[in-house]
Every structure is written in C-alpha cells, then in structure tokens.
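Listed here are the chains, written in short residue letters.
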Amino acid sequence: MPVALAALDRGGTLSVAGIHLTDIPPLNYRRHLFQERTLRSVTANTRADGAAFLAEATRTHPVVHVRRYPLRRADTALADLAADRVTGVAVLVPE
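Only a predicted model underlies this, so the values are computations on that prediction, with no experimental measurement involved.

**Considerations on the side chain of R37**
Move 1: Among the secondary structure elements, R37 is positioned in the loop between α2 (29-33) and β2 (38-41).
Move 2: Although R37 lies buried, it forms no salt bridge, and the closest oppositely charged side chain, D9, sits 6.4 Å away as judged by the N-O distance.
Move 3: One polar contact links the side chain of R37 to the main-chain carbonyl oxygen of F34, over a distance of 2.9 Å.
Move 4: Sequence-distant contacts of R37, defined by excluding residues within four places in its chain, comprise L5, A6, L8, D9, G11, G12, R30, R31 and H32.

**Brief notes about the packing of aromatic side chains**
Move 1: Inspection of the entire model under this criterion finds one aromatic pair.
Move 2: A ring pair is formed by Y29 and F34, whose centres lie 6.0 Å apart and whose planes are at 70 degrees; its orientation type is edge-to-face.
Move 3: Assessed through its relative accessible area of 37%, F34 is described here as partly exposed.

**So, the pattern of salt bridges**
Move 1: Taken as a whole, this structure holds four salt bridges when the rule is applied.
Move 2: Across the pair R59 and E56 runs a salt bridge whose closest N-O atoms are separated by 2.8 Å. In this pair, R59 and E56 both sit in helix α3 (residues 47-60), three residues apart, roughly one turn of the helix.
Move 3: E56 sits in the partly exposed class, given a relative accessible area of 38%.
Move 4: A salt bridge links E95 to R72; the nearest nitrogen and oxygen atoms lie 2.8 Å apart. Of the two residues, E95 is situated in the segment after β4 (89-93) and R72 in the loop between β3 (66-70) and α4 (74-82); the sequence distance between them amounts to 23 residues.
Move 5: Overall, E95 belongs to the exposed group, its relative accessible area being 63%.

Quick notes on the rules
- Residues numbered from 1 in each chain as written.
- Predicted model: local features only at pLDDT ≥ 70, side-chain atom pairs only at ≥ 80, totals over all residues.
- Heavy atoms only, no water.
- Helix = DSSP H or I, 4+ residues; strand = E, 2+ residues; numbered from the N terminus.
- Buried < 20%, exposed > 50% of the residue type's maximum accessible area, 1.4 Å probe, protein only.
- Lys, Arg positive; Asp, Glu negative; His and termini not counted.
- Salt bridge = Lys/Arg side-chain N within 4 Å of Asp/Glu carboxyl O.
- Polar contact = N/O pair within 3.5 Å; in protein donor to acceptor, adjacent residues only side chain to side chain.
- Contact = heavy atoms within 4.5 Å.
- Phe/Tyr/Trp six-rings, centres within 6.5 Å; stacked < 30°, edge-to-face > 60°.

In structure tokens, the structure reads:
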C-alpha cells in the first residue's frame, strides 16, 4: 500500500477493497498522504465477489450511461451530481 500511495498524483485516491489483508506498515505523511492523496477502504468484497460480478457483467452486458462535461464546467458537473441530475456517471473531458 505505501508504494501505491507514493505513486499517486496530487489528489489521487487509493481504494483498498479486500477483506483479508496484512497490517498496513507505517506511513510517512509527506511521501504517502501529502498533497491531498486519499486512502479509502471498501468492506465486504472478496475475490469470489469480484469474480461473480465480472461473470454477471459478461453475461448481462450492462450499459453505462455517461454524461460528459468539458473540464471548464467541472463546477456544473459537481452541482449536477449533488442535485441528483446525473443518471449514470459524470466524466470530465479535457478540452
């Protein structure tokens, strides 16, 4: 985990999605978390859960609805997400 955190760019997020993990070694704030890096955990996901999800997605071919926003309209994208005006996912697109 420290290697992944150190590799994150400013504002990046590392999601840890495992039930059976070894203890996290000590972190160095400046190297691993400084510049608004985020460490998130997700509970109740096993490898079997992931395999079952991917098998179901392969079988059902889900359709993802994408709403694109130019990067300059990031504030509008956030407002739309907060107001529940986005069905699916909002994506910022560099211009």
